[in-house]
Amino acid sequence: IAGITQAPTSQILAAGRRMTLRCTQDMRHNAMYWYRQDLGLGLRLIHYSNTAGTTGKGEVPDGYSVSRANTDDFPLTLASAVPSQTSVYFCASSDSSTELNTGELFFGEGSRLTVL
Amino acid sequence: GQNIDQPTEMTATEGAIVQINCTYQTSGFNGLFWYQQHAGEAPTFLSYNVLDGLEEKGRFSSFLSRSKGYSYLLLKELQMKDSASYLCAVLQGNYQLIWGAGTKLIIKP
């Protein structure tokens, strides 16, 4: 089934550890995004990528890094996790690199991360 | 500042109609999205409005007034499966979406 796959679905992590959340899509979408979702707050954009080889910072990029070596994969890395990074992380993609308003966002099922 | 406001929670009865409002103040506007999110699941696309007026799609309709910074999502003939959170988001530029915190809709039999 076409779509976006995230891994792991859930993880408990000690503070200070390094963690990479994986995201793979098979829809050949140019644009990909990482959001975090916290109770009582809207989805907040961490990083995005318009096309393979390019990335950009979103609203809350500090403490996170991304790479886009190819069209399909967009991993999110926490270099040294802190408790405030406890959240649900969603990867998403869209079918246009520069005009999100031509289409919808497709989301992965989310990765629930707890940092102790 | 940038702000998107939605009610935190609403309750409605199965078979009835409910209107979920969204007001926004953003530095740019390239359209407004509504998404549905069931508990523990990913958001899924419902509608997109960029021009003023009503867009109807089956039991769901979405309205936009750009001059008032206002949108609503109208759900008709409510079903139990419509119990979910409804997220309003404004597109700024080409890819920056500003999201509201979502409205949790509870449907009672």
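As shown above, the structure is provided for reference.
Residues numbered from 1 in each chain as written. Chains lettered and ligands numbered in written order. Predicted model: local features only at pLDDT ≥ 70, side-chain atom pairs only at ≥ 80, totals over all residues. Heavy atoms only, no water.

Student: I keep staring at the pairing of strand β10 (residues 96–99) of chain B and nothing clicks. Help me out?
Tutor: A regular strand carries its side chains on alternate faces of the sheet. All names here are of chain B. Side chains of β10 alternate between two faces, with Gln-96 and Ile-98 and Leu-97 and Trp-99 buried alike. As defined by bridge partners, strand β9 (residues 84–92) adjoins β10 across 4 bridges and the pair is classed as antiparallel. Note that in β10 the partner of Leu-91 across the bridge is Leu-97. Linking β9 back to β10 in an antiparallel pair, the connection comprises 3 residues, with Gly-93 at a positive phi of about 65°. (Buried < 20%, exposed > 50% of the residue type's maximum accessible area, 1.4 Å probe, protein only. Helix = DSSP H or I, 4+ residues; strand = E, 2+ residues; numbered from the N terminus. Pairing = 2+ DSSP bridges.)

Student: Looking at this structure, I do not really get the interface of chain B and chain A. What am I missing?
Tutor: Counting residues at the interface gives 18 residues for chain B, matched by 22 residues for chain A. Our count for the contact surface shared by chain B and chain A stands at 2 residue pairs in polar contact (both at pLDDT 80 or more). Of all the secondary structure elements, the ones that give two or more residues to the side of chain B that touches chain A are β4 (32–37), β5 (44–49), β9 and β10 of chain B. Here the residues of the side of chain B that touches chain A are counted per class, giving 12 nonpolar, 5 polar and 1 charged. (Contact = heavy atoms within 4.5 Å. Polar contact = N/O pair within 3.5 Å; in protein donor to acceptor, adjacent residues only side chain to side chain. Nonpolar A, V, L, I, M, F, W, Y, C, P; charged D, E, K, R; others polar.)

Student: Which parts of the structure should I look at to understand the sheet that holds strand β8 (residues 70–75) of chain B?
Tutor: Sheet strands pair by backbone hydrogen bonding; their relative direction is either parallel or antiparallel. Residue and element names in this part refer to chain B. Ordered in space as β1-β3-β8-β7-β6, the 5 strands form an open sheet in which the pairing is antiparallel. Single-partner strands in this sheet number two, and they are β1 (3–5) and β6 (53–57). Averaged over all adjacent pairs, the angle separating strand axes in this sheet is 15°, with direction ignored. Bridge analysis of β1 against strand β3 (residues 18–25) gives 3 bridges, and the strand direction is antiparallel. By the bridge assignment for β3, Asn-3 is matched with Gln-25. (Axes fitted to C-alpha atoms, helices over the stretch in contact; angles between N-to-C directions.)

Student: What am I meant to see in the pattern of salt bridges here?
Tutor: If charged atoms from side chains of opposite charge come close, those side chains can pair. Overall, the coordinates contain 6 salt bridges over all chains when judged by the stated rule. Residue Asp-38 of chain A is joined to Arg-44 of chain A by a salt bridge in which the shortest nitrogen-to-oxygen separation is 2.8 Å. For Asp-38 of chain A, a relative accessible area of 14% gives the class buried. A salt bridge links Asp-52 of chain B to Arg-66 of chain B, with the nearest nitrogen and oxygen atoms 3.0 Å apart. Placement of Asp-52 of chain B in the loop between β5 and β6 and of Arg-66 of chain B in the loop between β7 (60–65) and β8 is noted, with a sequence separation of 14 residues between them. (Salt bridge = Lys/Arg side-chain N within 4 Å of Asp/Glu carboxyl O.)

Student: Mind showing me how you'd approach the environment of Tyr-95 of chain B here?
Tutor: Residue and element names in this part refer to chain B. Its location among the elements puts Tyr-95 in the loop between β9 and β10. Accessibility expressed as a relative area gives 23% for Tyr-95, which makes it partly exposed. Between the alpha carbons of Tyr-95 and Phe-63 there is a distance of 22 Å; along the sequence they are 32 residues apart.

The analysis is restricted to geometry; functional conclusions fall outside its scope.
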